[in-house]
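Okay, here's what each chain looks like letter by letter:
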Amino acid sequence: MRLTASTAALLTTSTLLWAGNAVVGRAVVGLVPPITLNFIRWLLAFVILLPLAPWVLGRGSGLWPLWRRYALLGLLGVGSYNALQYLALCTSTPLNVTLVASSMPLWMLALGRLFFGMRVSLAQVAGVLLSITGVGVVLARGRWQQLAALQLVPGDLYMVLATIAWAWYSWLLPARPGEPARLRGDWAALLLAQVVFGLGWSGLFAAGEWAIHPDARIVWGWPLAAALAFVAIGPAVLAYRCWGLGVERAGPALVGFFANLTPVFAAILSALFLGEAPQPFHALAFVLIVAGIWVAARR
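Residues numbered from 1 in each chain as written. Predicted model: local features only at pLDDT ≥ 70, side-chain atom pairs only at ≥ 80, totals over all residues. Heavy atoms only, no water.

S.K.: Account for the overall build of the protein chain, naming residues and giving values.
M.R.: Helix and strand content of the protein chain: 13 helices and 0 strands. Reading the protein chain from its N end, one meets helices and strands in the order α-α-α-α-α-α-α-α-α-α-α-α-α. Looking at the protein chain as a whole, 52% of its 299 residues qualify as buried. Considering only intrachain contacts with a sequence separation of at least 6, the fraction spanning at least 24 residues in the protein chain is 87%. For the protein chain, the computed accessible surface area is about 13,600 Å², with 71% contributed by carbon and sulfur atoms. (Helix = DSSP H or I, 4+ residues; strand = E, 2+ residues; numbered from the N terminus. Buried < 20%, exposed > 50% of the residue type's maximum accessible area, 1.4 Å probe, protein only. Contact = heavy atoms within 4.5 Å. Areas by Shrake-Rupley, 256 points an atom, 1.4 Å probe, with all protein chains shown as cover.)

If you want it as structure tokens, here you go:
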């Protein structure tokens, strides 16, 4: 599989939207419990997707004989990944969360090698090192002495678990023999098939959250409504659509390198939110990460 300009644009769009998801997720801490936020987000996404592919829920859609596969995809991609990310944002910053998520290429290569028979090349290893160096530039803000002062928090561990879940999800996402062509050929149907089961998982997790924290509350208002609209339309529907296309076109191992763009975008969005201009080190990090993607993509 080869990386084209259009595929790179799709994957870059996903990472930009997910960087915005991290910033917004941090902004609504205190307005809604994190796992409940994930449930509401996907409930809204379900409402958006249902009119686009209502036939998926019918008996003859071909989904129900594959319920085990789609229940697992729903658990990893819908039920777990963002729930853990929003949970991480309660104690960590958007930059730290997206930085931890930049370990994605490592988990992609490890899972591919251990469970999917993938052969890891020197170019891919070099790409990982280049991309992680770019992330380090963001973390250090151009001054490597700051790395010595880095402190990890519980949220960072949640994000490690989330990243492993997403790497596994990406490896399972490509089509398997016996899957209905109509289901795989319709992006809204494919995502809705995952959301149907993911809602069950996320609803179960949200119920557990309220059982553990009975004093939890939701502060309804325009700030929360705007945040929910963004995370449902952008990071949920549009980003998952772009990522799914990218995985189909370029393969799970290569697209994992694009996850390293997320911390750069998160740093820029956080800086803009605070009224600060992007710094030269952001450009350096971007060059290093893109170089890592290019090296890994070479045959």
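Structure shown, so let's carry the discussion forward.
S.K.: How would you summarise the pattern of salt bridges if you had to cite specific residues and measurements?
M.R.: Opposite charge on two side chains permits them to pair, given that their charged atoms come into close proximity. Going through the model one piece at a time under the given rule, you end up with 3 salt bridges. Within the structure, one salt-bridge network assembled from shared partners comprises R69, E179, R184 and E248. (Salt bridge = Lys/Arg side-chain N within 4 Å of Asp/Glu carboxyl O.)

S.K.: For helix α5 (residues 104-115), give the residues involved together with the corresponding values.
M.R.: Helix length check: α5 (12 residues) gives 16 Å between terminal C-alpha atoms against 16 Å at 1.5 Å per residue, within 8%. Those residues of α5 that fall on the buried side of the exposure criterion are M104, P105, M108, L109, L111 and G112. For α5, the buried positions fall inside an angular range of 170° around the axis, keeping them on one side. Pointing more than 90 degrees away from the buried face of α5 are the exposed residues R113 and L114. One or two steps after α5, the chain reaches G117, where phi turns positive at roughly 65°. (Expected span 1.5 Å × (residues − 1). Arc of directions from axis to C-beta.)

S.K.: Tell me about a nonpolar patch on the surface, and name the residues and values.
M.R.: Nonpolar side chains collect at one region of the surface, where L114, F115, F116 and W168 lie side by side and expose about 450 Å² of accessible area between them. Of note, F115 is situated in helix α5. On the basis of relative accessible area, F115 is assigned to the exposed category, the value being 60%. (Patch = residues over 30% accessible without salt bridge, like charges linked within 9 Å, V, L, I, M, F, W, Y side chains within 5 Å.)

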